[in-house]
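Architecture and fold: a report
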Amino acid sequence: MKKIGNADLLLRETMIQCLYMAKVLNQILLGKAYYKSPDFVLFKENCIDFLKQIPEDSIDMIFADPPYNLSNGGFSVHAGKRVSVNKGKWDESKGVKNDFSFHTQWIETCRRVLKPNGTIWVSGTYHSIYQCGYALQRLGYKILNDIAWYKPNASPNLSCRYFTASHETLIWARKDEKEKHTFNYKAMKDGNFSEDFLKSSNKQMRSVWSIATPRPEEKTFGKHPTQKSFKLLERIVLAASNKGDVILDPFTGSSTTGIAAVKYGRKFIGIDIEKDYLDLSIKRYKELKNE
Ligand SMILES: C[S@@+](CC[C@H](N)C(=O)[O-])C[C@H]1O[C@@H](n2cnc3c(N)ncnc32)[C@H](O)[C@@H]1O
């Protein structure tokens with residue numbers, strides 16, 4: 001039998017300590033959870049502070065739908081009625097400099113927790129997406145793609161002085177310049193995307209996706225003012241993660257990301273500052289699990 005030297009013993013002791021610390025950390029974190037089940041954990045926290053407590057290099061994929069800073073008192077049309085574009089206090093702009101500082105902070109805290117080959121998706125409109133893209137580049141991420149999410153049923157423009165806003169942009173970026181990220185090429189090429197008239201069957205998935213805004217059945221338990229379509233998150237989860245991966249959403253809202261993640265066998269961590277949105281997330285999760 002091979003004799004264990006002092007260096008091996010030291011290494012083993014360090015590993016045991018690391019595992020113990022990870023366990024303690026996990027317990028502390030889970031103790032703070034607003035809701036927990038084996039594959040779906042929610043925290044009612046400010047993501048910038050809270051992400052600092054999550055172990056480094058531990059997350060496979062992040063989907064972030066941050067405030068777009070577009071709640072400026074304007075109006076739009078929904079179901080034939082004039083409606084305010086305001087989403088909530090959390091969505092108001094605090095000026096270009098402060099908004100950029102906010103986006104830089106959360107994007108930086110996300111980078112620490114991502115695994116080196118982990119990827120982040122960031123959604124936005126022109127109000128926020130250029131700031132997020134610049135912050136990603138400054139912080140050392142490698143941008144992999146930008147996706148144009150075309151919404152064929154977008155609301156009309158009331159003023160008739162602008163083009164009708166009918167798309168959002170999603171930036172997909174990897175933490176580390178050199179690592180190999182997950183991209184399920186075949187699932188994207190050969191999958192069934194019948195909702196998308198731009199996707200031809202058995203042809204490569206392109207970077208323009210046509211997906212309608214959330215269907216009424218996605219809002220059975222009430223609605224989040226900026227709820228993402230399930231079909232959008234389903235595609236992202238299937239493209240950029242594998243079964244058993246840990247997916248995190250720092251601005252989880254009604255947890256569309258979590259519902260797609262759990263449906264396809266991934267584990268989910270969601271963070272939001274608003275209790276009502278977390279309660280809505282729990283209802284959606286329980287429906288998925290038939291609880
Ligand atoms: C654009 S919405 C996300 C909607 C979500 N993708 C969905 O499908 O329901 C952004 C969310 O971020 C939350 N939020 C804003 N600032 C936050 C912060 N600093 N930390 C955590 N959550 C925050 C808001 O309460 C809001 O629910």
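The notes below deal with the structure included here. (Residues numbered from 1 in each chain as written. Predicted model: local features only at pLDDT ≥ 70, side-chain atom pairs only at ≥ 80, totals over all residues.)

With respect to the overall build of the protein chain
Put simply, the rule reads: Only runs of H or I of at least four residues qualify as helices and only runs of E of at least two qualify as strands under DSSP, and these elements are numbered from the N terminus. The globule rule used for comparison is 2.2 Å times the number of residues to the exponent 0.38, while the radius of gyration itself is calculated over C-alpha atoms. Residue burial here comes from a neighbour count, namely the number of other C-beta atoms, placed from the backbone, that lie within 10 Å of the residue's own C-beta, with 20 or more meaning buried, 12 or fewer meaning exposed, and in between meaning partly exposed. A residue pair is marked as a contact if its C-beta atoms, positioned from the backbone, fall within 7 Å.
Scanning the protein chain from terminus to terminus reveals eight helices and eleven strands. Taking 291 residues into account, the globule formula puts the C-alpha radius of gyration at 19 Å, and the protein chain, at 20 Å, falls close to it. Projected onto the principal axes, the alpha-carbon positions of the protein chain cover approximately 80 × 45 × 45 Å. Looking at the protein chain residue by residue over its 291 residues, the buried ones come to 33%. Counting only contacts in the protein chain whose residues sit at least 6 apart along the sequence, the fraction spanning at least 24 positions is 67%.

Some thoughts on the sheet that holds strand 2 (residues 40–44)
Inclusion rule: In this scheme, strands are said to pair when DSSP sees at least two bridges between them. Between the N-to-C directions of two axes lies an angle of 0 to 180 degrees, each axis being a line fitted to C-alpha atoms and, for a helix, fitted only over the stretch in contact.
Taken in spatial order, the nine strands make up an open sheet running 1-2-11-10-3-6-8-7-9, and their pairing is mixed. Each edge of the open sheet is held by one strand with a lone partner, namely strand 1 (35–37) and strand 9 (208–210). The mean angle between the axes of side-by-side strands here comes to 20 degrees, regardless of whether they run parallel or antiparallel. In terms of strand pairing, strand 3 (residues 59–64) meets strand 6 (residues 114–124) through five bridges, oriented parallel.

Comments concerning the site of the ligand
Basically, it comes down to this: Each residue receives a C-beta atom built from its backbone; the residue is near a molecule or strand if that atom lies within 6 Å of it. Throughout, the ten residues Ala, Val, Leu, Ile, Met, Phe, Trp, Tyr, Cys and Pro are labelled nonpolar, Asp, Glu, Lys and Arg are labelled charged, and all others, Gly among them, are labelled polar.
Taken together, 20 residues lie near the ligand, and Asp65, Phe251, Gly253, Ser254 and Thr256 sit nearest. Counting residues per element, the ones that place at least two in the shell around the ligand are helix 2 (47–50) and strand 11 (267–272). Class assignment for the residues of the shell around the ligand results in nine nonpolar, seven polar and four charged.

Observations concerning the packing of helix 6 (residues 230–240) against helix 7 (residues 256–263)
Spelled out, the test is: Every angle not falling under 35 degrees, over 145, or within 65 to 115 is termed oblique; those three ranges are roughly parallel, roughly antiparallel and roughly perpendicular. Note on convention: the crossing is left-handed when the near helix lies turned anticlockwise from the far helix by less than a right angle, right-handed when the turn is clockwise.
Running from N to C, helix 6 and helix 7 point in directions that differ by 50 degrees, and their axes come no closer than 9 Å. One element, helix 6, and the other, helix 7, form an angle in the oblique class. Helix-helix and strand crossings are classified by hand; for helix 6 and helix 7 the assignment is right-handed. For the pair formed by helix 6 and helix 7, the contact residues are Phe230, Leu233, Glu234 and Val237 on the first element and Thr256, Thr257, Ile259, Ala260 and Ala261 on the second. When its residues are assigned to classes, the contact of helix 6 with helix 7 shows six nonpolar, two polar and one charged.

With respect to the nonpolar core
Filter applied, for reference: A set of buried residues qualifies as a nonpolar core if it consists of Ala, Val, Leu, Ile, Met, Phe, Trp, Tyr and Cys joined through C-beta atoms within 7 Å.
Ranked by size, the top nonpolar core spans 53 residues in total, and within it Ile62, Cys110, Ile120 and Trp121 carry the most contacts. In terms of residues, this core owes the most to one element, helix 6, which gives six residues.

Quick look at helix 8 (residues 275–288)
Basically, it comes down to this: Multiplying 1.5 Å by the residue count of a helix minus one yields the expected span of that helix. For this quantity, the arc is that covered by the directions from the helix axis to the C-beta atoms.
Here helix 8 is 14 residues long and its end C-alpha atoms lie 20 Å apart, about the 20 Å a rise of 1.5 Å per residue gives. All buried positions along helix 8 are accounted for by Tyr277, Leu278, Leu280, Ser281, Arg284 and Tyr285. Within helix 8, the buried residues cover an arc of 155 degrees as seen down the axis, which keeps them to one side. Turned more than 90 degrees off the buried face of helix 8, the exposed positions are Lys275, Asp276 and Glu287. Against the buried residues of helix 8 lie strand 1, strand 2, helix 7 and strand 11. Asn290, located one to two residues past helix 8, shows a positive phi value of around 55 degrees.

On their own, these measurements won't tell you what the molecule is for.
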